[in-house]
Amino acid sequence: MTDSKYFTTTKKGEIFELKAELNSDKKEKKKEAVKKVIASMTVGKDVSALFPDVVNCMQTDNLELKKLVYLYLMNYAKSQPDMAIMAVNTFVKDCEDPNPLIRALAVRTMGCIRVDKITEYLCEPLRKCLKDEDPYVRKTAAVCVAKLHDINAQLVEDQGFLDTLKDLISDSNPMVVANAVAALSEIAESHPSSNLLDLNPQSINKLLTALNECTEWGQIFILDCLANYMPKDDREAQSICERVTPRLSHANSAVVLSAVKVLMKFMEMLSKDLDYYGTLLKKLAPPLVTLLSAEPELQYVALRNINLIVQKRWILKHEMKVFFVKYNDPIYVKLEKLDIMIRLASQANIAQVLAELKEYATEVDVDFVRKAVRAIGRCAIKVEQSAERCVSTLLDLIQTKVNYVVQEAIVVIKDIFRKYPNKYESVIATLCENLDSLDEPEARAAMIWIVGEYAERIDNADELLESFLEGFHDESTQVQLQLLTAIVKLFLKKPTETQELVQQVLSLATQDSDNPDLRDRGYIYWRLLSTDPVAAKEVVLAEKPLISEETDLIEPTLLDELICYIGTLASVYHKPPSAFVEGSRGVVHKSLPPRTGSSESAESPDTAPSGGPAADQPSVIPTQGDLLGDLLNLDLGPPVSGPPMATSAVQMGAVDLLGDSLMGGSGGSFTPAPSTTAPTNVGAPLGSGLGDLFDLTGGVGTLSGSYVAPKTVWLPAMKAKGLEISGTFSRQVGSISMDLVLTNKALQVMSDFAIQFNRNSFGLAPAAPLQVHAPLAPNQSVEITLPLNTVGSVMKMEPLNNLQVAVKNNIDVFYFSTLYPLHILFVEDGKMERQMFLATWKDIPNENETQFQIKDCSLNADAVSSKLQGSNIFTIAKRNVEGQDMLYQSLKLTNGIWVLAELRIQPSNPSFTLSLKCRAPEVSQYIYQAYETILKN
């Protein structure tokens with residue numbers, strides 16, 4: 001008879017009977033009773049009253065009975081911690097049992113009993129089991145250390161279990177190695193700063209040896225661990241790739257994806273010219289294709305990962321057919337396959353892809369059909385040679401008169417017009433025939449845009465637009481805005497016939513509407529038309545930039561991070577873990593190693609390198625998730641005038657412009673702050689000539705004589721839809737400021753400016769809002785001095801002086817990063833007393849001392865001293881030793897870190913020797929750069 005009988009009893013007074021049976025002398029009866037107890041526990045009955053009686057049954061040689069008792073113990077130890085201590089002796093005894101299965105069972109149960117009182121009693125048995133002669137016991141004990149660390153991390157460290165775990169990486173048994181790696185990885189995730197997995201070529205060799213022999217889950221742990229290793233050169237990277245490649249043919253899809261992750265990461269270090277690089281690329285394709293023959297859920301995970309991989313490496317271009325949709329694929333697989341088909345579309349396979357997409361557009365699933373029609377449009381934009389064929393395919397689909405197909409086709413044709421102006425406008429007549437069937441806002445807006453843009457080619461354009469105007473207030477905002485612009489365009493093209501129409505739409509938009517965006521746009525058009533029709537024509541009918549090909553490519557920095565998470569949830573969500581893991585525990589930002597041999601990171605021919613910023617500028621901030629959500633909806637009004645307030649009160653670092661912080665912090669609403677007393681030189685026209693080169697903020701003059709670098713372009717106009725930002729940093733009389741020049745190189749007016757900094761190493765944050773009092777007209781520049789403070793959120797950046805900035809205006813949100821010179825953080829009270837200087841110099845350990853050479857500097861000691869004092873580097877003493885001048889100097893950073901310096905100057909030698917001592921040696925490199933900048937300028 002099966003064990004189901006234990007679940008069917010409904011007796012009353014059952015506990016009393018079970019108690020008697022548990023204390024019976026007969027072994028069989030005892031076993032039956034424990035099974036009944038476990039059955040009751042499983043269905044949710046409270047059998048904790050039997051705790052002492054069940055624990056007494058532990059003293060047995062019967063393995064099955066022991067397992068059942070241990071199961072009971074794990075469940076009730078938390079609610080009965082005092083009783084659980086009774087079981088400790090048995091654990092200790094079982095850990096020395098001659099049967100390895102019992103030893104392992106005891107150590108496994110010990111790890112699952114999460115009771116603080118018991119943990120210290122378990123250390124001794126665990127230590128023995130970690131050194132047990134049987135590998136099964138050792139591998140179980142390794143996992144137990146991770147469980148124990150979760151309960152009491154301090155105890156595990158004090159008892160030296162972490163060192164024992166590290167030793168197990170060199171174990172002779174591959175399963176022990178895999179479990180040791182799994183345990184260390186688990187512990188390292190909760191302590192990202194600790195360097196537990198201290199990997200070196202020797203330990204990597206051991207892991208690679210174990211990789212061939214352990215179970216599939218062990219292989220995944222080892223591969224994930226390898227992915228976190230940074231090879232010292234391309235030869236080591238190639239050697240690891242060669243030994244990992246056989247895992248690509250594993251039956252378990254998780255092993256395959258983990259192997260792909262390791263190879264994708266290490267391929268960054270290989271030169272593209274190597275034969276091996278090409279071979280490896282070819283080997284990556286077949287295993288990914290094989291994953292697509294699994295069940296739908298696995299297929300979906302594989303497809304989401306492939307979507308990332310093909311954006312980084314141009315593989316699978318010959319495997320287009322495996323991404324063709326099957327009739328029985330679930331919708332989520334179909335949509336993902338479609339996406340990849342477009343990514344892989346090229347001139348060579350476009351005919352095949354279009355034939356397939358046309359087929360999909362006649363399916364019954366509405367969502368899928370819509371996506372297929374969009375895909376045809378995306379192909380036209382991506383592969384120019386196919387545009388004509390795509391347009392004729394879309395026209396065929398419009399002829400089907402299926403409502404949602406027609407609407408999607410019109411939306412994508414609008415984009416095709418934007419990409420290829422004056423090429424396919426002959427189809428406009430066909431589009432106008434379908435005007436009445438449009439009921440979706442996006443399709444209506446697209447059609448209105450087409451009518452407005454090509455009004456001169458459409459005889460009855462005014463009638464068509466008037467028909468939309470009748471229900472103006474019932475339309476969505478998107479349609480209202482588009483209609484307003486289209487009628488203004490029509491008026492500028494046919495002024496005599498449409499004067500009444502334009503007045504009607506302007507009064508609807510400005511007087512009858514309560515939407516601020518619509519009202520503002522209406523007023524702008526009204527003023528433009530009434531003051532300067534020629535300017536209006538230039539603004540409204542300006543030539544539009546062509547739209548880009550791949551608009552949905554993942555931002556390169558984010559893509560690099562996601563490649564490091566292949567095979568995990570992050571690669572399915574296409575978001576970094578910090579975006580969906582609550583709290584910061586276990587979230588470490590990963591990135592690919594720097595590429596060797598070639599500067600280009602992705603190989604897809606579609607991602608042509610665009611003119612980037614200067615080489616010394618750090619890369620752009622990743623757009624993580626939908627950062628723009630809250631920012632674009634902000635209605636930043638004019639600055640409120642009010643009484644002066646302390647700058648720290650306007651700490652914009654704490655208020656999050658982005659709703660969700662640039663690096664996944666908590667959100668917050670944004671309100672325009674009252675204006676502060678900080679000196680802002682806002683709205684000054686940009687001076688011409690060289691007099692203003694160093695921009696000493698409107699004649700105030702840098703009172704402390706601190707060096708101000710010339711302005712450089714931080715955000716080029718081509719990357720910010722026409723907004724160019726250049727700037728520099730300065731420090732005057734104890735206050736730090738960011739001196740900016742905003743230039744509008746777009747064809748539209750810019751307004752509603754706001755700025756926010758990401759968390760950074762020294763807590764720099766705006767001390768006041770970014771105040772641009774008047775809208776910025778095209779080709780106009782404005783100079784602004786933004787006061788800064790250092791009370792923002794702190795997070796160590798790489799490099800240390802990297803500042804990531806978000807600037808918002810009425811058009812969009814733009815991101816850039818820049819490096820600030822550290823001397824703006826040198827405070828005025830940085831002069832140390834002599835005695836204090838001597839004591840501190842001796843107190844700071846010698847290993848914290850770093851030496852640098854400042855070359856080509858021909859100043860004498862006094863000039864050096866006064867020049868540095870202007871930037872708050874104070875000379876405390878000066879000595880002359882054997883013809884050398886020795887300057888002893890101190891400076892203090894805004895976060896309270898003191899830096900002591902010794903500067904050796906030989907009168908005949910243009911090279912100075914700078915020795916720096918500091919309790920935070922990582923700042924020394926940047927202090928040296930500040931010295932060099934100040935002395936050489």
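Look up a bit, the structure's there.
As a starting point, this report considers the structure included with it. (Residues numbered from 1 in each chain as written. Predicted model: local features only at pLDDT ≥ 70, side-chain atom pairs only at ≥ 80, totals over all residues. Heavy atoms only, no water.)

1. A closer look at the pairing of strand β11 (residues 884–892)
Buried residues dominate β11, accounting for 9 of its 9 residues. Going residue by residue along β11, you find Q884, M886, Y888, S890 and K892 tucked away on one face and D885, L887, Q889 and L891 tucked away on the opposite face as well. Bridging between strand β10 (residues 874–881) and β11 involves 7 bridges; their strand directions are antiparallel. Counted as the bridge partner of N880 is D885 from β11. In sequence, β10 turns back onto β11 through a hairpin of 2 residues, with E882 there showing a positive phi of about 50°. Two elements, β11 and strand β12 (residues 898–905), share 8 bridges in a ladder whose sense is antiparallel. Looking at β12, one finds that S890 is bridged to L900. In sequence, β11 turns back onto β12 through a hairpin of 5 residues, with G896 there showing a positive phi of about 90°. (Buried < 20%, exposed > 50% of the residue type's maximum accessible area, 1.4 Å probe, protein only. Helix = DSSP H or I, 4+ residues; strand = E, 2+ residues; numbered from the N terminus. Pairing = 2+ DSSP bridges.)

2. Comments concerning the packing of aromatic side chains
As enumerated under the stated definition, the model contains 15 aromatic pairs in all. A ring pair is formed by Y360 and F368, whose centres lie 5.2 Å apart and whose planes are at 40°; its orientation type is tilted. Across the pair, exposure class does not vary: Y360 and F368 are buried alike. A centroid spacing of 6.2 Å and a plane angle of 85° characterise the contact between W449 and Y454, whose relative ring orientation is edge-to-face. A single burial state applies to W449 and to Y454, both of which are buried. Through a chain of ring-to-ring contacts, three or more aromatic side chains come together here, namely W714, F729, F762, F816 and Y820. (Phe/Tyr/Trp six-rings, centres within 6.5 Å; stacked < 30°, edge-to-face > 60°.)

3. Re the nonpolar core
Ranked by internal contacts, the top residues of the largest apolar core, which has 215 residues, are Y72, L126, V244, L316 and F417. Counting only domains with at least three residues in this core, you end up with domain 1 (440–539) and domain 2 (553–579). If sequence neighbours within four positions are ignored, Y72 has contacts with V37, I38, M41, V47, S48, L50, F51 and V54. The next biggest cluster of nonpolar side chains, apart from the first, holds 62 residues, and it includes A720, F852, F912 and L935. (Core = buried A, V, L, I, M, F, W, Y, C linked by side-chain atoms within 4.5 Å. Domains from an automatic or database assignment. Contact = heavy atoms within 4.5 Å.)

4. Let's talk about helix α28 (residues 499–510)
The terminal C-alpha atoms of α28, which comprises 12 residues, lie 17 Å apart, in line with the 16 Å expected from a rise of 1.5 Å per residue. All of the buried residues in α28 are L501, V502, V505, L506, L508, A509 and T510. Packed against the buried residues of α28 are α26 (461–469), α27 (477–493) and α29 (516–531). (Expected span 1.5 Å × (residues − 1).)

5. Focus on the sheet that holds β12
Spatial ordering of the open sheet is given by β9-β13-β12-β11-β10, a layout of 5 strands whose pairing is antiparallel. Single-partner strands in this sheet number two, and they are β9 (849–854) and β10. Across this sheet, the average inter-strand angle for adjacent strands is 20°, counted without regard to direction. Contacting β9, β10, β11, β12 and β13 (912–918), helix α34 (residues 834–843) runs over the sheet at an angle of about 95° to β12. (Axes fitted to C-alpha atoms, helices over the stretch in contact; angles between N-to-C directions.)

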